[in-house]
Amino acid sequence: MTTEKSTAEDFDPSPGASEKYDVTVLRLGHRLVRDERISTHVGLVSRAFGAKRLILTGADDHTVDSLRRLSTRWGGGFQAEYVKNWRDFVRHWQGTSVHLTMYGEDLRNGIDRLKKDKARKILVVIGAEKVPKEIYTLVDLNIAVGNQPHSEVAALAVFLDRLFMGEELYTTFGNARLRVKPSLRGKKVEFVKNEN
Ligand code: SAM
């Protein structure tokens with residue numbers, strides 16, 4: 001891996017696609033140890049694919065802390081939090097709520113509906129193993145990323161990418177300490193010197 005130095009001013013701090021929608025991901029049923037890796041992946045995908053925050057429910061472990069540390073290194077204002085009462089969180093959500101499930105309506109229709117309704121603040125709920133039945137009626141929309149069972153990580157990535165129409169991949173993450181310099185071969189990383 002080669003490294004170079006540059007300053008924060010070298011980068012456009014434009015927030016990118018994530019300004020179009022304010023997306024929060026709610027991960028239901030996080031279980032200690034067992035789900036740590038998947039929940040971390042849910043956090044990584046949420047951040048990299050344009051969501052602004054991840055809410056974990058279930059067990060409170062160091063997943064939230066490790067996601068916060070990652071955001072400090074790689075930039076952006078991504079937030080990770082733990083909430084105890086997910087029902088209240090969904091009930092009091094001020095915006096549109098979407099549950100990703102293989103039993104939901106077709107992804108294309110779901111995204112069209114969100115666009116037609118001019119949804120801006122979107123809560124995306126994903127499960128772990130089995131979700132409580134009531135989530136299907138608590139949310140505004142149940143959307144399927146295909147009607148086959150797969151994974152919350154895959155469902156989330158595809159949903160966000162369709163919502164942002166691929167633009168989220170070109171977001172600049174402000175205040176990063178490290179930044180990748182894309183290259184055809186090898187690993188090039190820049191250390192960014194922030195002024196503050
Ligand atoms: N049979 C389970 C179910 O209720 O969907 C699959 C559980 S899966 C291991 C965990 C999570 O992945 C689900 O709660 C859901 O959020 C997501 N998921 C799995 N397949 C999906 C699909 N085809 N479309 C949307 N979300 C899906």
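All values reported here derive from a predicted model rather than from experimental measurement.

Q: Hey, could you run me through the pairing of strand 7 (residues 141-144) in this one?
A: A regular strand carries its side chains on alternate faces of the sheet. Side chains of strand 7 alternate between two faces, with L141 and I143 and N142 and A144 buried alike. By the bridge criterion, five bridges tie strand 5 (residues 96-106) to strand 7 in an arrangement that is parallel. Along strand 7, the bridge assignment pairs H99 with N142.

Q: Looking at this structure, how should I read the nonpolar core?
A: Most often, soluble globular proteins keep nonpolar side chains buried together rather than apart. Membership of the largest hydrophobic core comes to 32 residues, with the highest contact counts inside it found for V23, L114, I122, F159 and L163. Counting residues per element, this core draws most heavily on helix 6 (residues 152-164), which supplies eight residues. Ignoring anything within four residues of it in the chain, the contact list for I122 reads Y21, D22, V23, T24, W93, T96, V98, L114 and L163. Counting eleven residues, the second-largest nonpolar core is a separate cluster that includes W86, V90, V125 and I135.

Q: Just to check I follow, could you spell out the environment of W74 for this structure?
A: With respect to the helices and strands, the residue W74 is situated in helix 2 (residues 63-74). The exposure class of W74 is partly exposed, given its relative accessible area of 28%. Residues W74 and A176 lie 102 residues apart in sequence; the distance between their C-alpha atoms is 4.7 Å. Ignoring sequence-local partners within four residues, the contact set of W74 consists of R47, F173, A176, L178, R179 and V180.

Q: Help me understand the layout of surface pockets, please; the structure alone is not making it clear to me.
A: Take a probe with the size of a water molecule and roll it over the atoms, and the empty space left behind shows itself. If you add up the space inside the largest pocket, you get close to 480 Å³. Every residue lining the largest pocket is counted, 22 residues in all, and those nearest its centre are L100, T101, M102, A128 and E129. When residues of the lining of the largest pocket are traced back to their parent elements, those giving at least two are strand 5 and helix 6. Among the elements that make up the lining of the largest pocket, the one with the highest residue count is strand 5 (five residues). By residue class, the composition of the lining of the largest pocket is eleven nonpolar, seven polar and four charged.

So, how was this worked out
Residues numbered from 1 in each chain as written. Predicted model: local features only at pLDDT ≥ 70, side-chain atom pairs only at ≥ 80, totals over all residues. Heavy atoms only, no water. Buried < 20%, exposed > 50% of the residue type's maximum accessible area, 1.4 Å probe, protein only. Helix = DSSP H or I, 4+ residues; strand = E, 2+ residues; numbered from the N terminus. Pairing = 2+ DSSP bridges. Core = buried A, V, L, I, M, F, W, Y, C linked by side-chain atoms within 4.5 Å. Contact = heavy atoms within 4.5 Å. 1 Å grid on protein atoms, 1.4 Å probe; cavity = no way out; pocket = protein on both sides within 12 Å on 5 of 7 lines; lining within 4 Å. Points joined across faces, edges and corners; volume = space filled by probe spheres on them. Nonpolar A, V, L, I, M, F, W, Y, C, P; charged D, E, K, R; others polar.

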